[in-house]
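# Structural overview for review
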Amino acid sequence: MAELKDILYKVTINAVVGSTSVDVNAIHFDSRAVSNGDVFVAIKGTTVNGHEYIEKAISLGAIAVVCEALPDHIQNGITYIEVEDTSSALAYMASNYYENPSGNLRLVGVTGTNGKTTVTTLLYQLFKKAGYKVGLLSTVKIMVDNTEYKATHTTPDSLTINKYLKLMNDAGVEFCFMEVSSHGIHQKRSEGLQFEGGVFTNLSHDHLDYHSTFAEYRDVKKSFFDQLSKQAFALVNIDDKNGQVMLQNTQAKKYSYALKTYADYKAQVLENELSGLLLKLNDSELWTKLIGTFNAYNVAAIYGTAELLGLEKVEILRLISELESVRGRFQYMISDEKITAIVDYAHTPDALKNVLETINSIRTKNEELITVVGCGGDRDKTKRPKIGHIASTLSNKVIFTSDNPRSEQPDIIIEDIEKGVEPQNLKKVVSITDRKQAIKTACQMANSNDIILIAGKGHETYQEIKGERFDFDDYQIVQEYLKQLEK
C-alpha cells in the first residue's frame, strides 16, 4: 500500500480530477491484471493503446487512472491524472512505489548493438568472485544474488525492473549490472533509475524494423548517456565512431576503451587462439578464456567498469582470467572426431562478421568452416541479404535455414538471405528450411578438424513459429548429432 500522491513524485502532471490522497494497492499497465484499489496507467504501445481499456480497468476495481488525455466520461469517485507521457510516468511511479530501489545499490547500465549480455554477465561473474552480493538484469536471465529468474525482454518493463531491484535491496545486493536496449530507452523503461555508470559497446545495423533510421537508433542510445548524472561515469568504446557521439551531451565523467586508438583502457591482442586470448591491458598482460577480438573489447569494458567501481587493478586482472564464456556466446565443444562446433547469438551482420573473422583468424585454413545461419521473421528485412553475403564470403560452406520465422514464411526469409550471395559463392550454399535438419546436415558434412558455426539463436531454448514457441536448443542439438557420428 502507498499513497497515490507519493507514487506520483517527479511525474510531469498536466491535470488532476479527484483526490490524490488515496491509498493504492498496486500499479498496472495491463488492464486485465487490475483488481480492487489499483492504479491503471494507460500506455500507448506499438500495437495496443491502453487508453481504450480505461473503462475496463475501472470495472475491475481501479481507483485511479493515469492517462495522456482525459476520457470523455469521468466517473465519480475515480481519480484521473493527465500526464505528458504515460511511459515516463510509469517509470517514475514504479520507482516510487518500490521505494526507489536503484538508489540503494550501485547500478551500471550497458547499451550497444552487440556485447551487452556478455559484458553484464561477466561483470556479474567478476563481482561475485570478488565476494560481493550482485544483481543482473540481462536478456538471458535475471539474478538476485544467487537466485535466478527467467528474463522475457532485454530491458523489462519499469514495474518489473523496480520489483527485481527491490528484491535485490532486500537481499543486500551491492552492485547490479543491467542491459539497456534501444527499445527499453525509447519506451522510457529505464527512466527514474539512478545509474552509477553507463557503458557503450558498439553500434551497428539492428532494430531498424523498430527505429525508422540508423540516426534515430543512435540518438536513442545517446539519450541514455544524456540522462546520466554528474556523479556517474560514462565508459565508451572509442574505436566505434559513435562512441564520441554518446559522450557529446553527457554530464557524467567521461572514460574510453579501445584496441586501435588511444584510450583510458587500452587493450592489445598478443595471442588469439581457440583456447583464449593473451591481452595487454594498459601496462599489464593477462590471459582470458574468452575468444576473439570482439571479446578483447568486452574485456576492456569489464576491466574499465570494475576499476571505476573501485576494485583493485591486480584483483581485476586475476578475476578476469577466471571468467567463463557466457552461454550462447562463442560457446564451443570439440567432439571425439575433432570436429569443433561453435554456437553464437550473432544475428546482426556486424556480429556475424566478427565471429566469422575471429574463427578465420584462429584456424589453420586446412580445415573447412561450415556456417548454419538464418534470420528472424517480422524483423528488419534489410539485414537479410547482408547476412547472406557475409556468411557465404567468409565460410567454406553455408547452410541457410530458419531462425525464429514468427508470422513469416520461412522460405521467403531464406530467399531474402540468398539475394546477398555473389555468383562465385553460389556453389558454397545450400538451403534447408528445417533448422534441426540443417544442423544435422552440417554435422554430416564435417570431417575431422572442421569447424561448424551455428549462428543467430545462441542462448535461446525455443523456436518461434506462427505465434507458438517450440523447444529448441542449438547447443544441445549439435551436441546430440556429433555424438551420433561417434558411434
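Residues numbered from 1 in each chain as written. Predicted model: local features only at pLDDT ≥ 70, side-chain atom pairs only at ≥ 80, totals over all residues. Heavy atoms only, no water.

On to the packing of helix α14 (residues 435-445) against helix α15 (residues 474-486), then. With their axes 9 Å apart at the nearest point, α14 and α15 run at an angle of 40 degrees to one another. The angle between the axes of α14 and α15 places the two elements in the oblique class. For the pair α14 and α15, the sense of crossing is right-handed. Where α14 approaches α15, its residues Arg-435, Lys-436, Ile-439, Lys-440, Cys-443 and Gln-444 are matched on the opposing element by Asp-474, Ile-477, Val-478, Tyr-481, Leu-482 and Leu-485. (Axes fitted to C-alpha atoms, helices over the stretch in contact; angles between N-to-C directions. Helix = DSSP H or I, 4+ residues; strand = E, 2+ residues; numbered from the N terminus. Parallel < 35°, antiparallel > 145°, perpendicular 65-115°, else oblique. Left-handed = near helix turned anticlockwise from the far one by under 90°. Contact = heavy atoms within 4.5 Å.)

Turning our attention to the nonpolar core. With 42 residues, the main nonpolar core has Leu-126, Phe-127, Phe-177, Tyr-257, Leu-311 and Ile-320 as its most contacted residues. Beyond its immediate chain neighbours, meaning those up to four positions away, Phe-127 contacts Tyr-132, Val-134, Phe-175, Phe-177, Ala-306, Leu-309 and Leu-311. (Core = buried A, V, L, I, M, F, W, Y, C linked by side-chain atoms within 4.5 Å. Buried < 20%, exposed > 50% of the residue type's maximum accessible area, 1.4 Å probe, protein only.)

It is worth spelling out the sheet that holds strand β6 (residues 64-67) at this point. A sheet is described by the order of its strands in space; here 5 strands give the open sequence β2-β7-β6-β5-β4, paired in mixed fashion. Lying at the two open borders of the sheet, with one neighbouring strand each, are β2 (13-17) and β4 (27-28). Here β6 runs beside strand β7 (residues 79-83); their pairing, made up of 4 bridges, is parallel. Along β7, the bridge assignment pairs Cys-67 with Glu-82. (Pairing = 2+ DSSP bridges.)

Turning our eyes to something else, we now look at the sheet that holds strand β11 (residues 147-150). Taken in spatial order, the 11 strands line up as β11-β10-β9-β12-β8-β13-β14-β15-β16-β17-β18 in an open sheet, and their pairing is mixed. Strands at the two margins of the open sheet, each flanked by one partner only, are β11 and β18 (284-288). When strand polarity is set aside, the average angle formed by the axes of neighbouring strands in this sheet is 20 degrees. As paired strands, strand β15 (residues 253-258) and strand β16 (residues 265-273) are joined by 2 bridges and run parallel to one another. Across the sheet, residue Tyr-257 finds its bridge partner in β16, namely Tyr-265. Packing of helix α5 (residues 158-170) onto the sheet brings it into contact with β8 (106-111), β9 (134-137), β10 (141-144), β11 and β12 (175-179), and relative to β9 it is tilted by some 165 degrees. Across the sheet, helix α9 (residues 293-308) is in contact with β8, β12, β13 (195-200), β14 (233-237), β15, β16, β17 (276-281) and β18; its angle to β16 comes to roughly 140 degrees.

What follows deals with the pairing of β15. Side chains on a regular strand alternate between the two faces of the sheet. Summarising the sheet, β14 and β15 pair through 5 bridges and their orientation is parallel. Bridging from a neighbouring strand, Ala-234 pairs with Lys-254 of β15.

Counting across every chain of the model gives 22 salt bridges. Residues Asp-145 and Lys-128 are paired through a salt bridge, measuring 2.7 Å at the closest nitrogen-oxygen approach. In this pair, Asp-145 sits in the loop between β10 and β11 while Lys-128 sits in helix α4 (residues 116-129), placing the two residues 17 residues apart along the sequence. Owing to a relative accessible area of 24%, Lys-128 belongs among the partly exposed residues under this scheme. The partner of Lys-129 in a salt bridge is Glu-322, with the nearest N and O atoms 3.9 Å apart. With Lys-129 in helix α4 and Glu-322 in helix α10 (residues 313-322), the pair connects residues that are 193 residues apart, well separated along the chain. The exposure class assigned to Lys-129 is partly exposed, which follows from its relative accessible area of 40%. Since its relative accessible area comes to 30%, Glu-322 is described here as partly exposed. Counted as one network, the salt bridges with shared partners bring together Arg-384, Glu-408, Asp-416 and Lys-419. (Salt bridge = Lys/Arg side-chain N within 4 Å of Asp/Glu carboxyl O.)

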